[in-house]
Amino acid sequence: MNIIKSKSFKRIFVITILTIVLSFELFQSGIYQNRVFAQNETKEKNMKFNVSKTDEEWKKILTPEQYEVLRLKGTERPFTGKYTTTTTDGVYNCAACGAKLFKSDSKFDSHCGWPSFYEAIDNGQITEIKDTTHGMVRTEVVCTNCGGHLGHVFEDGPKPTGLRYCINSISIELTKDTLKK
Ligand SMILES: [Zn+2]
């Protein structure tokens, strides 16, 4: 009788422990994901941009396609953007707020399907945010002036910086006359 009791007790004890461990693991993973998400969200929410508009205001200014990329961090399909192979001289401005972002001098053909630049026009014009979506760790780049999503920056670019700013054509606007300034 004691042996049976002892075996039952052991079984219940083991099942209880396993249940607690499993629950804890599930709880932990959920909390962990929420925390990472919240941290990113909080970080971005705390960022102050000179140009700040509501979603409704942005929708009035931007085309649906621009809104999808600039405000919802979408990505245009490769080789479909209007600046992928452009070699025209000029300055690329933010399509949402007009801030100057890249010079045509720093544009290079990366064959990746999106316009690529090895450096931003000036330090501080572009803000980098750690992006952990889609199961990858990447560095998102946004316009410092308005927070508009531009694309990502990778460390496989050419000299002198070794950087590749991989930018959505729809997020930028090429102007020829501003290069003189
Ligand atoms: Zn902008």
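In short, a report on the structure. (Residues numbered from 1 in each chain as written. Predicted model: local features only at pLDDT ≥ 70, side-chain atom pairs only at ≥ 80, totals over all residues.)

Describing the environment of T80
Within the secondary structure, T80 is located in the loop between helix 3 (64-70) and strand 1 (91-94). Owing to 12 C-beta atoms within 10 Å, T80 belongs among the exposed residues under this scheme. Along the primary structure T80 and W114 are separated by 34 residues, whereas in three dimensions their C-alpha atoms are 8.1 Å apart. (Helix = DSSP H or I, 4+ residues; strand = E, 2+ residues; numbered from the N terminus. Buried ≥ 20, exposed ≤ 12 C-beta atoms within 10 Å, placed from the backbone.)

Side note on the pairing of strand 6 (residues 138-143)
Here strand 5 (residues 126-131) runs beside strand 6; their pairing, made up of six bridges, is antiparallel. When the bridges of strand 6 are listed, D131 appears paired with R138. Hairpin connection from strand 5 to strand 6: six residues lie between these consecutive antiparallel strands, with H134 at a positive phi of about 60°. Sheet topology note: the strand 6/strand 7 (residues 149-154) ladder contains four bridges and is antiparallel. Note on strand 7: the bridge partner recorded for T139 is V153. (Pairing = 2+ DSSP bridges.)

What to know about the nonpolar core
C94, L101, C143, Y165, I167 and I172 are the most contacted members of the largest nonpolar core, which totals 27 residues. Elements supplying a minimum of two residues to this core: helix 3, strand 1, strand 2 (100-103), strand 6, strand 7, strand 8 (164-167) and strand 9 (172-175). With near-sequence residues (within four places) excluded, I167 lies in contact with W114, P115, F117, L150, G151 and I172. (Core = buried A, V, L, I, M, F, W, Y, C linked by C-beta atoms within 7 Å. Contact = placed C-beta atoms within 7 Å.)

Considering the sheet that holds strand 4 (residues 116-117)
Spatially, the six strands line up as an open sheet ordered 3-4-8-7-6-5, and their pairing is antiparallel. The strands lining the two open edges of the sheet, one partner per strand, are strand 3 (107-108) and strand 5. Pairing of strand 3 with strand 4, which is carried by two bridges, proceeds in the antiparallel orientation. Its bridge partner being in strand 4, K107 is matched across the sheet by F117.

Considering unusual backbone geometry
The linkage connecting K159 with the following residue, P160, adopts the cis geometry, with an omega of 5°. Position of P160 among the secondary structure elements: in the loop between strand 7 and strand 8. Even without being a glycine, K73 presents a positive backbone phi close to 60°. Looking at the element boundaries, K73 is found in the loop between helix 3 and strand 1. On the basis of neighbour count, K73 is assigned to the partly exposed category, with 17 C-beta atoms found within 10 Å. Here H111, not a glycine, exhibits a phi torsion of approximately 60°, which is positive. Mapping H111 onto the fold places it in the loop between strand 3 and strand 4.

Section: the sheet that holds strand 2
Read from one edge to the other, the open sheet built from three strands follows the order 2-1-9, with strand pairing classed as antiparallel. Looking at strand neighbours, the two that pair on one side only are strand 2 and strand 9, the edges of this open sheet. Adjacent strand axes in the sheet meet at a mean angle of 30° when their direction is disregarded. Bridge analysis of strand 1 against strand 2 gives three bridges, and the strand direction is antiparallel. In the sheet register, N93 faces strand 2, and the bridge partner there is K100. (Axes fitted to C-alpha atoms, helices over the stretch in contact; angles between N-to-C directions.)

A few points about the pairing of strand 1
The turn linking strand 1 back onto strand 2 is made up of five residues, and G98 within it adopts a positive phi angle of 90°. Pairing between strand 1 and strand 9: four bridges, direction antiparallel. Opposite Y92, over in strand 9, you have L174 as the bridge partner.

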